[in-house]
2 protein chains.
Amino acid sequence: MPSYTAPTKDLQFVLHDVLNVSQSDTPGYAELDADFTSAVLEEAGKLASEVLSPLNTVGDTEGCVLENGVVRTPTGFKAAFDQVREGGWTALDLPEEFGGQHMPYVLGTAVGEMFSGANQAFTMYQGLTHGAASAILVHGTDDQKATYLPKMASCDWTGTMNLTEPHCGTDLGLMRTKAEPQDDGSYKVTGQKIFISAGEHDMADNIIHLVLAKIPGGPEGIKGVSLFIVPKFIVKQDGSLGDRNGVSCGKIEEKMGIHGNSTCVMNYDGATGWLLGEEHKGMRAMFTMMNEARIGVGMQGLAQAEVAYQNAVAYAKDRLQGRAVTGDENPDGPADPLIVHPDIRRSLMDQKSFIEGARTFLLWGAQLIDQSHRGGDEAAEGLVSLMTPVIKGFLTDEGYDMTVKAQQVYGGHGYIEEWGMSQFTRDARIAMIYEGANGVQALDLVGRKLAQDGGKHVMAFFDLVKTFIKDSGDNDALKADFLEPLKAASKDLQSAGMFFMQNGMKNPNAALAGSNDFMHLFGHVCLGLMWARSAKAAQAALDGGTSDKAFYETKLATGRYYMKRRLPATAMHLARIETGADPVMALKADQF
Amino acid sequence: MPSYTAPTKDLQFVLHDVLNVSQSDTPGYAELDADFTSAVLEEAGKLASEVLSPLNTVGDTEGCVLENGVVRTPTGFKAAFDQVREGGWTALDLPEEFGGQHMPYVLGTAVGEMFSGANQAFTMYQGLTHGAASAILVHGTDDQKATYLPKMASCDWTGTMNLTEPHCGTDLGLMRTKAEPQDDGSYKVTGQKIFISAGEHDMADNIIHLVLAKIPGGPEGIKGVSLFIVPKFIVKQDGSLGDRNGVSCGKIEEKMGIHGNSTCVMNYDGATGWLLGEEHKGMRAMFTMMNEARIGVGMQGLAQAEVAYQNAVAYAKDRLQGRAVTGDENPDGPADPLIVHPDIRRSLMDQKSFIEGARTFLLWGAQLIDQSHRGGDEAAEGLVSLMTPVIKGFLTDEGYDMTVKAQQVYGGHGYIEEWGMSQFTRDARIAMIYEGANGVQALDLVGRKLAQDGGKHVMAFFDLVKTFIKDSGDNDALKADFLEPLKAASKDLQSAGMFFMQNGMKNPNAALAGSNDFMHLFGHVCLGLMWARSAKAAQAALDGGTSDKAFYETKLATGRYYMKRRLPATAMHLARIETGADPVMALKADQF
């Protein structure tokens, strides 16, 4: 059975050596000294590895079962959920007035990576609740906040997002679910929603569904969509639970993975709902959840890569097969461990260098969110808005590939469910799809975010890279291995952006045909920047005579690998982008 | 439910327009005129799409069940297997004296692609039998051939390959299964084998296991391994079935995919076996099966990509979502079909251009095998031996990626088992692992095949590319779009080979660290060559005033896509290779 070890040391490195969180003037960051974050991460890591991780296989094997309208979660899930609740892990960053601890989002994200790595399907119940609570926090009335948030902060009540219908996913303007206004100010919601994660289950007293629907007579398409709060049980004035609402789970989907999460078809039959935010502005409210959810999904890509990698390393050290080509390394044994073989190394280094770079990228993104939300920093807001599709799309595409590589290390055993490696790939696969399939992320990036506010945010990104290189220019240890490759990669990204500017006006397809490559190119440059920053921090620690030389030297070697062997992908993506629309659009539909 | 349409037209194009099979002087090829191959392919395609394809989901859902020592295959498998037998599809290329039709291997491969695409798990029963029969054909005594081959040719008896043991897969020298010589010339085989595909099932009267084992007192390691025929039921002198042999299925593995194939733990308890080939030369005999099996597995990569692509295209044309950025293409409908979106196009073109190039590559490899086996052409033998790890490794790595891309086109529905796209990826995943994991293929390519016979075969490959370019040099229609990119890619491959030569002697890790990249680089150049040949053929057809202009124009556009958007990957692989061993080997094992 696979295991999970919390990567607390690396998380600490990112928070303190690279992001210097406790020296930041972002409100709340002063508390984040190394001892404090270490204590939180150790505690969360223990829960992840000892409680959540052992349930990961159970969840995959048993799945969720719908019987007589009730969904039974896998054995042990409810008890574990109680432990998570009791430990206060469900609302780390929510305001104290609603029962949260108001910790920075960056710390919540670090904890989230561990929970997700240990058990993605389980952690989604909590993650979706957090997203729904955020939407109510931002768009709800005082009354709505008071009614729902304390119970959602504690996960006594969980939350869901209801967007997709059988005939529409990305194109929500086609939505058919309707919400008819009632005399008492409520609405009757009727329609069917599909792919509703945590839609129905037995781990909470109530489930607060956030549902997109159209109010009859409103504008056509996406502009006529509003968001509604539709609780499973109506909440009475005194906060106690009243009648069962007209919403029910019609079916649990059979999925490729995340079997421990109940993915439901939800039927709304005149269910009572209350408008959240303004009429016809449902998408704006939903995007509050969605942006957070997208960062969270990027985190899942990283988290599954991490747990798969950990197990691949253990197997590669343990499994004796063949001999090192440069001479026996385990002469007393019948064979050498797999890890002596260069191609196994190549695979493990691909994984390790991605994971550590991705972790830094993700936490940097979370730091930007704190700077924006807590510090009112508009530049940070713009930057993270630009980066959100990259975090989501790149980290999940690459994260999935890394789970496939980790599985490959196991040879035939990787294909047998008993060893658990298949589950990591099957679970990781969904992250490329939900919260906007990665093609939609690429479209969002190239079609919207790049040009947002006159291209200000992407210029800010380039400035950031340039400034970093300039400020580090006298560091000879970094120059050849980190700064020059970063400069070259960043130049590729600029050339790609330039190509879009020059050609996208005449023919939008010239830009969109390269959107997926651009997202990956951007992702590589971001990881390149993260590695350069990490290397600078590691070098500083070594220069400062750290007592943990091995850790920082490993960090540098891993970074060098990324810069040398992964970053050159930018040139390929640029080459593809510069072929423009013609190769991609040459065929008519009937020629396929 | 997904469907399968036999790609007969494209197979015909490859066989006749590109490979010109009926004009070849290889024995047996004269029969392969277009009418004949068309009739065979149409008939096989009908069986594939109407009988095998509908059972694909059934096999995945029901799996194989072991009860009281008997394995029950999924509903409908046995009846379908009878149909395959009755149609004479089980021994297309085996000699007539044993009941085969002695057709060229190239035609058998074309048929195999269709069966595999329609139902990989099902087709493996037949495929493994073919491999075992080939080993008996080459290494068996006349008596063994007479006893086993007619029944195996008809698949009344099926066959298996038994290599892996719990503690050894790739490193078969560690094998513990032993074969003790008996006075009557037979052996008693004792040990446990795992991952035995089609190890036990209810579709054949007998199962002929080919088992690797060590004769006590023989040489250590791999040099002490011999191959044995161990039938499930002992075959009596008159050919009728006698006693049940001491071999049994201990367990069926729970796998990620190919559920319709029974992957067994096989226990040999003093089972009676007969030596196949010479004592201690088991690996040589096994390699007869293995090389064929590796080509067959490469075929599976292509076949799963094809079926996944077909369904993705259908979905992309059918599913209405969003609007074309260049203006509505379905103005009367609520939205445009997915296929209008550039990023969906990009994905479909990646798939289509891979599949058609891969098909040509595979059938070219099969043609080389015919030239070697039937024509005694040693150069062809050397070339296909060099190419075998590329066919296996590249086509399965890429084939898997293509199934993931096809699944992505479906969005959320791709993750739901009901739609069938998940099965294609889960089934395709095994092909990267079995018959030598792809890392082993890369090692075989770089560590062995490249330098084989003084590097003669790789030089022959470069000559082939050079000659093709030279011979086509006056073709202006091909020059910029096909010949120049091919030349550049081939130069990258040569540079990589040069790097290995210059650095691999001093440090073998400098070559092995780049083995995976080299395999992919080689694969791209092969597909580039195949596309250039295909484009030349298509151009010739167009110049000749073909009545099927649309087909050949589509072919050219698809080829251009490959050359422009896929082939530039060679530069990235070369860049990685040229970083040598250091980045890959920098860490000590305990630094991971």
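A quick note: this is a predicted structure, and the numbers were derived from the prediction, not measured.

K.L.:
Whenever I open this one, the overall build of chain A confuses me. Can you help?
P.N.:
Tallying secondary structure elements over chain A gives 19 helices and 11 strands in all. Here chain A has a C-alpha radius of gyration of 24 Å; the compact-globule value for 592 residues is 25 Å, and the two agree. The principal-axis extent of the C-alpha atoms belonging to chain A is close to 80 × 60 × 55 Å. Relative to its full complement of 592 residues, chain A shows a buried share of 65%. Pairs at least 24 residues apart make up 74% of the contacts formed inside chain A by residues separated by at least 6 positions. When the accessible surface of chain A is totalled, it reaches about 20500 Å², and 50% of it is carbon and sulfur. If the 52 positive side-chain charges of chain A are averaged to one point and the 74 negative ones to another, these points end up 5 Å apart.

K.L.:
Looking at this structure, I do not really get the environment of A91(B). What am I missing?
P.N.:
Along the chain, A91(B) falls in the loop between α4 (77–86) and α5 (105–118). Excluding its chain neighbours within four sequence positions, the residues that come into contact with A91(B) are G100(B), Q101(B) and A153(B).

K.L.:
Just checking my understanding: could you explain unusual backbone geometry for this structure?
P.N.:
Comment: phi is negative for the bulk of residues other than glycine, and the bulk of peptide bonds are trans. Of note in this structure, I258(A) is not a glycine but carries a positive phi near 35 degrees. Turning to its location among the elements, I258(A) is positioned in the loop between β10 (247–252) and β11 (263–275). Unlike most non-glycine residues, F195(B) shows phi in positive territory, near 60 degrees. As for its position among the elements, F195(B) is in strand β5 (residues 187–197).

K.L.:
Whenever I open this one, helix α17 (residues 549–566) of chain B confuses me. Can you help?
P.N.:
Because an α-helix packs 3.6 residues into every turn, residues spaced three or four apart end up facing the same way. Here α17(B) is 18 residues long and its end C-alpha atoms lie 25 Å apart, about the 26 Å a rise of 1.5 Å per residue gives. Within α17(B), 13 of the 18 residues are buried, which leaves it mostly tucked inside the rest of the structure.

K.L.:
It is not clear to me how the UniProt feature "domain: Acetyl-CoA dehydrogenase-like C-terminal" (unreviewed entry) in chain A should be interpreted in this structure. Could you clarify?
P.N.:
Residues given the UniProt feature "domain: Acetyl-CoA dehydrogenase-like C-terminal" (unreviewed entry) here are residues 461–587 of chain A. Spanning residues 461–587 of chain A, this segment combines 83% helix with 0% strand, and its end C-alpha atoms are found 36 Å apart.

K.L.:
What exactly am I supposed to notice about the UniProt feature "domain: Acyl-CoA dehydrogenase/oxidase C-terminal" (unreviewed entry) in chain A here?
P.N.:
The positions UniProt marks with the feature "domain: Acyl-CoA dehydrogenase/oxidase C-terminal" (unreviewed entry) are residues 281–444 of chain A. Spanning residues 281–444 of chain A, this segment combines 71% helix with 0% strand, and its end C-alpha atoms are found 19 Å apart.

K.L.:
What am I meant to see in the relation of the copies chain B and chain A here?
P.N.:
The operation relating chain B to chain A is a screw motion whose rotation component is 180 degrees, with 0.0 Å of axial translation and a residual RMSD of 0.0 Å. With respect to symmetry, the two chain copies, as superposed, fit the operation of a two-fold axis. In terms of C-alpha distance to the rotation axis, chain B has M572(B) as its closest residue, with the C-alpha 3.2 Å off the axis.

K.L.:
Mind showing me how you'd approach α5(B) here?
P.N.:
The end-to-end C-alpha separation of α5(B) is 20 Å, in line with the 20 Å expected for 14 residues at 1.5 Å each. A large share of α5(B) lies buried, amounting to 13 of its 14 residues.

K.L.:
Help me understand the domain arrangement of chain A in this model?
P.N.:
One frequently used descriptor of interface size is the decrease in accessible area upon assembly of the parts. Residue and element names in this part refer to chain A. According to the domain assignment, chain A consists of domain 1 (53–87 + 119–280), domain 2 (285–443) and domain 3 (453–583). When each unit is reduced to the centre of its C-alpha atoms, the spacing between domain 2 and domain 3 is 19 Å. Domain 2 puts 29 residues into the contact, and the matching count from domain 3 is 27 residues. Taking both partners together, domain 2 and domain 3 bury about 2300 Å²; carbon and sulfur atoms supply 73% of that area. The largest contributions to the domain 2 side of the interface with domain 3 come from S353, W364 and F394, which together make up 23% of the buried area. Summed over the shared surface of domain 2 and domain 3, the number is 3 salt bridges. In this structure, the salt-bridge partner of R566 is D350, at a minimum N-O distance of 3.4 Å. Where domain 2 meets domain 3, there are 6 residue pairs in polar contact (both at pLDDT 80 or more). Among the elements of the structure, α9 (342–373), α10 (378–409) and α12 (438–449) are those that each provide at least two residues to the side of domain 2 that touches domain 3.

K.L.:
I'm lost on the side chain of S385(B) in this one. Help?
P.N.:
Along the chain, S385(B) turns up in helix α10 (residues 378–409). With residues up to four places along the chain from it excluded, the contact list for S385(B) reads K449(B) and Q452(B).

K.L.:
What's the story with the side chain of H130(A) in this structure? I'm lost.
P.N.:
Residues and elements named next belong to chain A. Position of H130 relative to the elements: it lies in helix α6 (residues 120–139). Residue H130 is classed as buried on the basis of its relative accessible area, which comes to 14%. Excluding anything up to four places from it in sequence, H130 contacts T90, D93, L94 and E292.

K.L.:
Where do I start with the packing of aromatic side chains in this structure?
P.N.:
The description of two aromatic rings rests on the distance between their centres and on the angle between their planes. If you walk through the whole model with that rule in mind, you get 34 aromatic pairs over all chains. Look at F518(B) and F522(B): their rings are 5.9 Å apart centre to centre, the planes differ by 75 degrees, and that puts the pair in the edge-to-face class. With F518(B) and F522(B) both in helix α16 (residues 515–543) and 4 residues apart, the pair spans about one turn of that helix. In terms of burial, F518(B) and F522(B) fall into one category: buried. The ring of Y400(A) carries R429(A) above its face, with NZ or CZ at 5.7 Å from the centroid.

K.L.:
Please clarify how the interface of chain B and chain A should be interpreted in this entry.
P.N.:
At the junction of the two partners, chain B supplies 91 residues and chain A supplies 91 residues. Contact between chain B and chain A buries roughly 7500 Å² in total, counting both sides, with carbon and sulfur atoms accounting for 61%. Sorting the residues of chain B by area buried against chain A places Y415(B), R565(B) and F592(B) first, and these three jointly supply 12% of that buried surface. Note that D517(B) and R565(A) form a salt bridge whose closest N and O atoms lie 2.8 Å from each other. Applying the counting rule to chain B against chain A returns 41 residue pairs in polar contact (both at pLDDT 80 or more). When residues of the side of chain B that touches chain A are assigned to their parent elements, the largest contribution, 8 residues, is made by α17(B). Residues that form the side of chain B that touches chain A fall into these classes: 44 nonpolar, 24 polar and 23 charged.

K.L.:
In this structure, what is going on with the pattern of salt bridges? I would like to understand it.
P.N.:
Side chains that carry opposite charge are capable of pairing whenever their charged atoms lie near each other. Under the counting rule described, the total for this entry stands at 58 salt bridges over all chains. Linking K352(B) and E356(B) is a salt bridge whose minimum nitrogen-to-oxygen distance equals 2.7 Å. With K352(B) and E356(B) both in helix α9 (residues 342–373) and 4 residues apart, the pair spans about one turn of that helix. Each of D10(A), E113(A), E306(A), K352(A), E356(A), R359(A) and K555(A) takes part in salt bridges that share partners, so that together they form one network.

K.L.:
Where do I start with the packing of helix α6 (residues 120–139) of chain B against helix α7 (residues 142–153) of chain B in this structure?
P.N.:
The description of two packed helices rests on the angle between their axes and on the distance between the axes. Residues and elements named next belong to chain B. Running from N to C, α6 and α7 cross one another at 160 degrees; their axes reach a closest spacing of 10 Å. The angle between the axes of α6 and α7 places the two elements in the roughly antiparallel class. Our pair here, α6 against α7, has a crossing hand that is left-handed. In contact with T129, A132, A133, I136 and L137 of α6, α7 contributes Q144, K145, Y148, L149 and M152.

K.L.:
Looking at this structure, how should I read the state of the cysteines?
P.N.:
Here, disulfide denotes a covalent bond that connects the sulfur atoms of two cysteines. Enumeration according to the criterion identifies 0 disulfides over all chains in this entry. C168(A) takes part in no disulfide bond, and the closest cysteine sulfur, belonging to C264(A), lies 18 Å away.

K.L.:
What am I meant to see in the packing of helix α13 (residues 452–471) of chain A against helix α14 (residues 476–504) of chain A here?
P.N.:
All names here are of chain A. Where α13 contacts α14, the axes come no closer than 10 Å and their chain directions differ by 160 degrees. In terms of orientation, α13 and α14 fall into the roughly antiparallel class. Between α13 and α14 lies a crossing of left-handed hand. Facing α13, whose interface residues are F461, F462, V465, F468 and I469, α14 presents L483, L486, K487, S490, L493 and Q494.

K.L.:
Before we go on, may I ask you to explain the environment of G76(A) in this structure?
P.N.:
Residue position: G76(A) is located in the loop between β2 (70–72) and α4 (77–86). With a relative accessible area of 32%, G76(A) lands in the partly exposed category.

K.L.:
Help me out: how do you make sense of the environment of V84(B) in this one?
P.N.:
Residue and element names in this part refer to chain B. The residue V84 is located in helix α4 in this model. C-alpha of V84 to C-alpha of F115: the two residues are 31 residues apart in sequence and 9.9 Å apart in space. For V84, the residues in contact, after removing those within four places along its chain, are L47, L52, W89, T90, F115, F122 and Q126.

K.L.:
Before we go on, may I ask you to explain the pairing of strand β6 (residues 206–214) of chain A in this structure?
P.N.:
Along a regular strand, successive side chains alternate from one face of the sheet to the other. Residue and element names in this part refer to chain A. Judged by how many residues are buried, β6 sits mostly within the fold: 9 of 9 residues are covered. Both faces of β6 are covered, namely the face carrying N206, I208, L210, L212 and K214 and the face carrying I207, H209, V211 and A213. Note that strand β3 (residues 157–162) and β6 share 6 bridges and pair parallel. Considered in β6, the bridge of N162 is made with V211.

Cut-offs applied
- Residues numbered from 1 in each chain as written.
- Chains lettered and ligands numbered in written order.
- Predicted model: local features only at pLDDT ≥ 70, side-chain atom pairs only at ≥ 80, totals over all residues.
- Heavy atoms only, no water.
- Helix = DSSP H or I, 4+ residues; strand = E, 2+ residues; numbered from the N terminus.
- Rg over C-alpha atoms; globule rule 2.2 N^0.38 Å.
- Buried < 20%, exposed > 50% of the residue type's maximum accessible area, 1.4 Å probe, protein only.
- Contact = heavy atoms within 4.5 Å.
- Areas by Shrake-Rupley, 256 points an atom, 1.4 Å probe, with all protein chains shown as cover.
- Lys, Arg positive; Asp, Glu negative; His and termini not counted.
- Charge placed at Lys NZ, Arg CZ, Asp CG, Glu CD.
- Expected span 1.5 Å × (residues − 1).
- UniProt positions renumbered as here; feature names shortened; annotations may be inferred.
- Least-squares fit on C-alpha atoms with pLDDT ≥ 70 in both.
- Domains from an automatic or database assignment.
- Buried area = accessible area lost by both parts, 1.4 Å probe.
- Salt bridge = Lys/Arg side-chain N within 4 Å of Asp/Glu carboxyl O.
- Polar contact = N/O pair within 3.5 Å; in protein donor to acceptor, adjacent residues only side chain to side chain.
- Phe/Tyr/Trp six-rings, centres within 6.5 Å; stacked < 30°, edge-to-face > 60°.
- Lys NZ or Arg CZ within 6 Å of the ring centre and 35° of its normal.
- Nonpolar A, V, L, I, M, F, W, Y, C, P; charged D, E, K, R; others polar.
- Axes fitted to C-alpha atoms, helices over the stretch in contact; angles between N-to-C directions.
- Parallel < 35°, antiparallel > 145°, perpendicular 65-115°, else oblique.
- Left-handed = near helix turned anticlockwise from the far one by under 90°.
- Disulfide = S-S within 2.5 Å.
- Pairing = 2+ DSSP bridges.

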